[in-house]
Amino acid sequence: MIIELESIFNTEGLKQSFDYELDLSSIQVSGFSPLQKPVKVSGCIENKAGIVSLTGNAQLIYEAPCDRCATEVSKEYNYPLEHTLVVTLESGENDAFLEVPNMRLNLDELVEEDVNLALPSKYLCDEDCKGLCMKCGKNLNNGQCDCKKDVDPRLAALLDLLDEEESN
């Protein structure tokens, strides 16, 4: 969505709202496309006292396997969109301002960049996810597996003593 900003920059108090859905299914995270449903984007661009600002929200559903146990999980996220827009920057690059020299803003590119930066780097089904057994692959969130623990051979005799104790 391209937004023409000339009238907003030139008219104090002018406001333009936006509310639409954006397809970001092309975004790849760890080999998956977690954004299969459209992202709902809403907000407004407003000139307050000569300062043009964009405020809004990107609402999305992130669907991907858990990084520890590989269970398919779906979570809803809301990411705020906040930018101060300027026509030119006097001092080169400045992360506090978004330069729009031709007074045209490609909102799709901006939202895609903001969402990409905000996506979780580690995606878990639960903060306490126990993951998978390294030997048999059982999901440890569903209970312990029957695998024997690896024991240092120097301590194997102690393990035998514990096994004898349990059988008595």
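Residue indices follow the written sequence of each chain, beginning from 1 at its first position. pLDDT decides what is reported in this predicted model: residues at 70 or higher carry local features, side-chain atom pairs at 80 or more are listed and counted, and totals for whole chains, interfaces and linings draw on all residues regardless. Side-chain measures here rest on the full set of heavy atoms in the structure, leaving out hydrogens and waters.

S.K.: When you look at the nonpolar core in this model, what are you seeing that I'm missing?
M.R.: For soluble globular proteins, nonpolar side chains are generally found buried alongside one another. Definition of nonpolar core: a set of buried residues of the types Ala, Val, Leu, Ile, Met, Phe, Trp, Tyr and Cys, connected through side-chain atoms within 4.5 Å. Here's how the labels work: a residue is buried when its accessible area is under 20% of the maximum for its type, exposed when over 50%, partly exposed in between, all with a 1.4 Å probe on protein chains only. Counting residues in hydrophobic clusters, the biggest one holds 37 residues, and the most contacted among them are L5, I45, L105, L107 and V111. To qualify as a helix, a DSSP run of H or I must reach at least 4 residues; to qualify as a strand, a run of E must reach at least 2; elements of each kind are numbered from the N terminus. For this core, the elements supplying multiple residues, two or more each, are α1 (6–10), β2 (15–22), β3 (39–48), β4 (51–65), β5 (72–86) and α2 (107–118). Here this core gets 6 residues from one element, more than from any other, and that element is β4. The residues touching L107, leaving out its near neighbours within four places in the chain, are M1, I3, F18, Y20 and L54. Residues count as neighbours in contact if any of their non-hydrogen atoms are within 4.5 Å of one another.

S.K.: What's the story with the sheet that holds β4 in this structure? I'm lost.
M.R.: Remark on secondary structure: sheet strands pair via backbone hydrogen bonds, oriented parallel or antiparallel. Strand order in this open sheet of 5 strands is β2-β3-β4-β5-β6, and the pairing throughout is mixed. Where the open sheet ends on each side, the last strands, each with one partner, are β2 and β6 (97–99). Taken pair by pair, the neighbouring strands of this sheet meet at an average axis angle of 30 degrees, ignoring direction. Note: two strands are recorded as paired if DSSP finds a minimum of 2 bridges between them. Strand direction decides the pairing type here: β4 and β5, joined by 14 bridges, are antiparallel. Each bridged residue has a counterpart across the sheet, and for V52 the counterpart in β5 is L85. The axes used here are C-alpha line fits, helices contributing only the stretch in contact, and every angle between their N-to-C directions lies in the interval 0 to 180 degrees. Here α2 sits on the sheet and contacts β2, β3, β4, β5 and β6; the angle it forms with β2, its principal contact strand, is near 65 degrees.

Note that all results are geometric; they support no functional claim without further evidence.
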